[in-house]
Every structure is written in C-alpha cells, then in structure tokens.
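Structural characterization, general
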Amino acid sequence: MTTIELKQPFTLPCGVVVPNRLCKAAMTEGVANARLQATERHATLYKRWAEGGAGILITGNVLIDRNILERPGNVSIDPAPEHGEPEGMEALRAWAKAGTSNGNHLWMQISHAGRQSPRYVTTKPVGPSAVQLELLGNYAPPRALREDEILDLIQRFARVARIAKEAGFTGVQVHGAHGYLLSSFLSPVTNQRTDQWGGSLENRARFLLEAVRAVRKAVGPAFPVAVKLNSDDFRKGGFSNEECLQVVKWLNDEKVDLLEISGGTYEQPRLLGHTGAADSVKDDQPAVRESTKKREAYFLNYAKAIREVATMPLMVTGGFRSREAMEEALSVT
C-alpha cells in the first residue's frame, strides 16, 4: 500500500464508492441544543471537515436514549424526529448536507452510553448488570436492563439508522467499543447475566450482532454499515483480544462494510494513553514498541491479528507522523 493508493477511490462491500481511504474518526461534539437536536454549529464544523479532504467523516455519538447521554450536548434521536419534531429532522438534513459538501461521505455514529453516562447527565444509568463504574463516584450505579428493554434498544438502533439515511447521511457506524452499552455487554466484568444475553461469548455478543442485523435490515443492502469494536478491554477478566477475533468472525457474516479497531473503556482508557486502575490492568498485555508510541498508531498490533480473520475493510485509529508509519497501517487495512 502506498500514499498514492491512499488517495484513490475505494469500493466498500455494499458497492458504495468512497473517494479515498482517509477517514475522520468520531469525536464527540457536545453542541446540540437544549432539545438534543443538531444545530448550525454541527453544520459549520462538518463543512470545514468536509473541506479537509477525508473520504469519510464519522460523527460523534448520536444517542438512541435521550435520558442516558455520553455528555451534555449530545444529539439524541429519541423519539424519531419525524414523529413530532420536524425541526429536528430539518437540522439533521442541514448537518448531512454540510458534512457531504465536498463529495465525501458522512456517517452517523449510533450509540448508547450505558453505565458510562455521568451523574450530571443521569442518576439512573443502565447496563447489562448492576456493576458500578469505578471512577471517583462520578457515575451512579447502573440498573440491569430487562430483556424487553434490550429488544426495544435493538430496534432503536435500527430506527436511528433509518432516520440517518432519510436525512442524507451516507452511512452509519454502530458503536460497540469503549465500554458503552454494546461494549459492556461483551465484557464478562460488566455482563454478569445468566440469560441469553450473558455468560458465553455467543450470548454476550448477541446484543451487538442483533443490533447490526436490525440496522442492516432498516437501511438495506446498498447502504454502508460500519462497526466500532474494542480489540481488547485491557483489564483483567474483560473482553479479550481472543474474544474480539471470534466476534469479528461472526461480524463477517453480517455484511459489515468497515470495522474500526479501538480499545479500552473509561476505567482503562488506553486510547488516551492511560492504563487506569493498577489492580485491574491485564498482566499479559503485549509490549508496545517505542516507534508505535511515537507515531500514535494505538492499535496497530491488534489490527494485524484481526486482519487475519476479517473479511471486511479495517480502519486503524491513529495520528501518523511519518510516511513509513502510515504505509504500515495501510498495509493492514
């Protein structure tokens, strides 16, 4: 892979062509209005990013539950804008138009914060089980979701994806990383259920896989559907790289168009360069080369292993400081 190929159009498995292989990963914006709707600030920001030349822009968290946000200022599509909030749909269309103004793609990241919704947002977070987040009392104890609530949330992922398509977004990303709700179901630490949504890896991955299936059904076969997945939770007893490889094999069957590789949770924020609480850090983490640290290719070693089993294109998060580093990452994706 060369930097010349980086600039060339790229065809996704669904048949959609993106103008190049550059992608801006999600960064939470926090500029929604008091009704959790998109604003002119979204349109202004994403028009500028579109002018930057990346083939794909991925939004920050768009939440499926207005009561459980990742932070204040999140956009939340709950209820669906066309059901009583026409101005919300108008704002989404303006955001999508601005974010695709340079012939590029704009994909909506669809998420649920789960137990990682801070106290100043909600005092009643939810998760797979009632496992407290270990962060200085800033997070209330979560309540375990009932099965009927899980089934409803799966359909919410699908409804938001459909609305994104109707508004003019050109793809969606299902957020299954960083300890948010779908990610917390994958982890044995946070998922202590004994029903069909917990226990074995197959059961713990059920929520993610069902959400992806519902999203695909909602948007059709020719619309890009991406997934963001932890390569590892980096904590003792958590979602491991070995389990990640198996989940990727299952995702191969779900017609996923792009898999973004990330890692860590709020308690083990590896993406930010921190290891979190010492007593929960895994003992068997592979050493990270100094050259990798310098170029900030955070999950490149994990991506190489995932590349061996994944049939969909991969996206590796990182800021690359040399041509050599970028080409090494491109060789994996």
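Residues numbered from 1 in each chain as written. Predicted model: local features only at pLDDT ≥ 70, side-chain atom pairs only at ≥ 80, totals over all residues. Heavy atoms only, no water.

1. Observations regarding unusual backbone geometry
Convention followed: Only DSSP runs of H or I covering at least 4 residues are called helices, and only runs of E covering at least 2 are called strands; the numbering of each starts at the N terminus. Only protein chains enter the area calculation, which uses a 1.4 Å probe; residues under 20% of their type maximum are buried, those over 50% are exposed, and those in between are partly exposed.
Even without glycine at this site, His 178 takes up a positive phi of about 65°. Even without a glycine there, the phi angle at Phe 234 is positive, about 60°. Its place among the elements puts Phe 234 in the loop between β10 (225–230) and α8 (241–252). When its relative accessible area of 1% is taken as the criterion, Phe 234 is described as buried.

2. Concerning the pairing of strand β6 (residues 105–111)
As a reminder of what qualifies: In this description, strands pair whenever DSSP reports at least two bridges between them.
Among the 7 residues that make up β6, 7 are buried, leaving the element largely enclosed by the rest of the structure. Residues His 105, Trp 107, Gln 109 and Ser 111 point to one face of β6 and Leu 106, Met 108 and Ile 110 to the other, with burial holding for every one of them. Note: strand β4 (residues 56–63) against β6, 6 bridges, orientation parallel. Bridging from a neighbouring strand, Ile 56 pairs with His 105 of β6.

3. Comments concerning helix α7 (residues 206–219)
This is how it is decided: Each residue after the first adds 1.5 Å to the expected span of a helix. Here, residues are in contact when the closest pair of their heavy atoms is within 4.5 Å.
Taking 1.5 Å of rise per residue, 14 residues should cover 20 Å, and α7 covers 20 Å from first to last C-alpha, within 8% of that figure. The set of residues buried in α7 consists of Phe 207, Leu 208, Leu 209, Ala 211, Val 212, Ala 214, Val 215, Arg 216 and Val 219. Taken together, the buried residues of α7 touch α4 (147–167), β9 (171–176), α5 (181–186), α6 (201–204), β10 and α8. Gly 220, located one to two residues past α7, shows a positive phi value of around 90°.

Purely geometric numbers; function is a separate question.
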